[in-house]
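A closer look at the structure
Each chain is listed here by its residues.
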Amino acid sequence: MKRLGAALVGASACLCGSLIHTPLAATEGGASLYISGLRGPTAGIVPPPGFYFENDFYSYSGRLSARTQTQFGGAVLSNVKVEARVNFMTPTWVTPLEIFGGNLAFAVSIPFGTPRISAGALIAAPRLGRVFGGSLRDATFNIGDPVVSSFIGWHAGNFHWQVGTSVSIPAGAYQDGELSNVALNRWVGDVYAAATWLDPKIGLDISAAVGFEINGKNKDTDYRSGNAFHADLAISQYLSKELSIGVVASHYQQVSGDGGSGASLGPYKGRVTAVGGTIGYSFAVAGTPVSARLKILREVSAENRPQGTIALISVAFPLGHVPAPAPPPEPKVVKH
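Just so it is clear, the structure is predicted and the values come from calculations on it, not from any experiment.

**Considerations on the overall build of the protein chain**
- Each helix and strand in the protein chain was counted, giving 1 helix and 17 strands.
- Residues counted as buried form 52% of the 336 residues belonging to the protein chain.
- When the accessible area of the protein chain is evaluated, it comes to approximately 14,200 Å², of which 64% is carbon and sulfur surface.

**Quick notes on the side chain of D199**
- Residue position: D199 is located in strand β9 (residues 188-199).
- Here D199 sits buried without a salt bridge, and the closest side chain of opposite charge, K201, lies 6.2 Å off (N-O distance).
- Here K201 takes part through its backbone nitrogen, which lies 2.9 Å from a polar atom of the side chain of D199.
- Not counting residues within four places of it along the chain, the set of residues in contact with D199 comprises N158 and L204.

**Side note on the environment of P41**
- Residue placement: P41 occurs in the loop between α1 (2-17) and β1 (50-63).
- In this structure P41 comes out as buried when scored by relative accessible area, which is 3%.
- Sequence spacing of P41 and D232 is 191 residues, and the spatial spacing of their C-alpha atoms is 10.0 Å.
- Setting aside anything within four residues of it in sequence, one finds P41 in contact with D205, S207, A234, S236, V248, T278, R293 and K295.

**Here's the deal with the nonpolar core**
- Core analysis: the biggest nonpolar cluster contains 23 residues, and Y58, Y60, L77, V80, L179, I310 and L312 have the highest contact counts within it.
- Where this core is concerned, the elements lending two or more residues are β1, β3 (75-99), β4 (102-124) and β17 (307-319).
- When residues in this core are grouped by element, the largest group, 7 residues, is from β3.
- In terms of nonpolar packing, the next biggest core, distinct from the first, is built from 10 residues, V94, A105, A107 and F151 among them.

**Focus: unusual backbone geometry**
- In this structure, N185 is a non-glycine residue whose phi angle is positive, near 60°.
- For N185, the position within the fold is in the loop between β8 (159-168) and β9.
- Within the chain, A286 stands out as a residue other than glycine whose phi angle is a positive 55°.
- By the secondary structure assignment, A286 is in the loop between β15 (271-285) and β16 (288-303).
- Note on A286: relative accessible area 84%, which makes it exposed.

**Section: the packing of aromatic side chains**
- Per the stated rule, a full pass over the model turns up 8 aromatic pairs.
- The interplanar angle of 5° and the centroid separation of 5.7 Å between the aromatic rings of Y34 and Y252 together place this pair among those described as stacked. Remark: Y252 occurs in strand β14 (residues 243-254) and Y34 occurs in the loop between α1 and β1; sequence separation between them is 218 residues. For the pair formed by Y34 and Y252, the shared burial category is buried.
- Judged by centre distance (6.0 Å) and plane angle (15°), the rings of W154 and W161 are stacked.
- Given the relative accessible area of 15%, W154 is considered buried.
- Chaining the aromatic ring pairs together yields one cluster made of F51, W93 and F106.
- It is R39 that lies over the ring of Y192; its NZ or CZ is 3.7 Å from the centre.

**What to know about the environment of K217**
- Inspection of the secondary structure assignment puts K217 in strand β11 (residues 217-218).
- With relative accessibility at 34%, the residue K217 sits in the partly exposed group.
- Here the alpha-carbon distance between K217 and V188, two residues 29 residues apart in the chain, equals 8.9 Å.
- If we ignore the near neighbours within four places in the chain, the residues touching K217 are N185, R186, D222, Y223 and R224.
- At a separation of 3.2 Å, a polar atom in the side chain of K217 contacts the side chain of D222.

**Here we look at the environment of S150**
- As for its position among the elements, S150 is in strand β7 (residues 147-156).
- On the basis of relative accessibility, which here comes to 22%, the residue S150 falls in the partly exposed class.
- In the structure, S150 is positioned 46 residues away from L104 in sequence and 7.4 Å away in space, judged by C-alpha atoms.
- The contacts of S150, once residues within four sequence positions are left out, are L104, A105, F106, V163, G164 and T165.
- One polar contact links the side chain of S150 to the main-chain carbonyl oxygen of A105, over a distance of 3.3 Å.

**Looking at the pattern of salt bridges**
- A full pass over the atoms with the stated rule returns 5 salt bridges.
- Ionic pairing is found between K81 and E83, a salt bridge with its closest N-O pair at 3.9 Å.
- Counted as one network, the salt bridges with shared partners bring together K81, E83 and R85.

**Observations concerning the confidence of the model for the protein chain**
- Per-residue confidence for the protein chain averages 83 on the pLDDT scale, and 79% of its residues sit at or above 70.
- This model gives residues 5-25 a pLDDT under 50, and the stretch forms 99 contacts once residues within four places in sequence are excluded.

The rules behind the values
Along every chain, residues carry numbers that run from 1 in the direction the sequence is written. The model is predicted, so local features are restricted to residues of pLDDT at least 70 and side-chain atom pairs to those at 80 or more, both for listing and for counting; the totals for chains, interfaces and linings are taken over all residues. Hydrogens and water are ignored here; the side-chain numbers use all heavy atoms of the structure. Strands here are runs of E lasting at least two residues and helices are runs of H or I lasting at least four, both read from the DSSP assignment and numbered beginning at the N terminus. Here's how the labels work: a residue is buried when its accessible area is under 20% of the maximum for its type, exposed when over 50%, partly exposed in between, all with a 1.4 Å probe on protein chains only. Working definition of accessibility: Shrake-Rupley area with a 1.4 Å probe, residue cover restricted to the visible protein chains. Two residue types count as positive, namely Lys and Arg, and two as negative, namely Asp and Glu; His and chain ends fall outside the count. Whenever Lys or Arg places a side-chain nitrogen within 4 Å of a carboxyl oxygen from Asp or Glu, that contact is recorded as a salt bridge. Whenever a nitrogen or oxygen atom comes within 3.5 Å of another N or O atom, the pair is scored as a polar contact, on the condition that within protein one atom can donate a hydrogen and the other can accept it, and that pairs from neighbouring residues in sequence are kept only if both atoms are in side chains. The criterion used for residue contact is that any of the two residues' heavy atoms lie within 4.5 Å. What we call a nonpolar core is a set of buried Ala, Val, Leu, Ile, Met, Phe, Trp, Tyr and Cys residues that are connected through their side-chain atoms within 4.5 Å. Each Phe, Tyr or Trp ring (for Trp, its six-membered ring) is paired with any other whose centre lies within 6.5 Å, and the angle between the two planes then decides the class: stacked below 30 degrees, edge-to-face above 60, tilted in between. Ring-over charges, as used throughout, are those where CZ of Arg or NZ of Lys falls within 6 Å of the ring centre and within 35 degrees of the ring normal. Each residue gets a pLDDT score, which is the predictor's confidence in that residue and runs from 0 to 100.

Structure below.
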């Protein structure tokens, strides 16, 4: 199982460094820095120093109850359907610098794609200048806000853990007055901790992560999204050194309501719980180890947010040569 451990470590840097977001309700338009199920197997592992790259393709299809109103781009809508296809490119650098014995790492994630928003009824649109009562659709390709992350990871036998923080910088191609935006157009911070227990002998991975999201205000819409708590759990079993299967679950819940003059619906709070499965496969391309993983989650409970299905396809690999973890020291033999 030595190759199993190496494959896990080699792919995990980008997985634990990338945090993606997409317009889905509560928080403005339901969009947040946190994505259900992103932190799955190996969530607590930081690999050896080196450069890594991950590409995540995110697909979401969901609907908000016709009895529930929400806001997108300053407009109040009902009977909302969301279709999102967003890609995230994330380079990660695990530095040789150690802090309290843990490796320091940095990552930057750039999202781009096309959220498709459709609404059966337009309740109010003070910023859009559109006719009330009519249905509408919006689908625009755009680039989202860059997300900068930093984290530190430690190892102790089969136990691996890390703490980190991410910041979404409002520098994307936000389109004021449009429903379809990948960019959040507000500062968002997220602090988190993740841990993994991985036994290479039996191929069992138990990973968990918790975090807290702090939202700023969208100056264009004067909408301040509330803060939220989130948690993830993943249990996976390696059937071979290349193939693994498992289950994943996540929960997101706002702990403070939305505010600002643009929050027409008042102190809106949202929550959502999702459960699903995952399958991972590791292989090599021209001698470079590559890790691919598919996660599919169904949102089984939602309040003031769309409820639907999430699919995440992640591919991660090191850039250049990555040294293998140092082997444990050989026991000393004392001669008499």
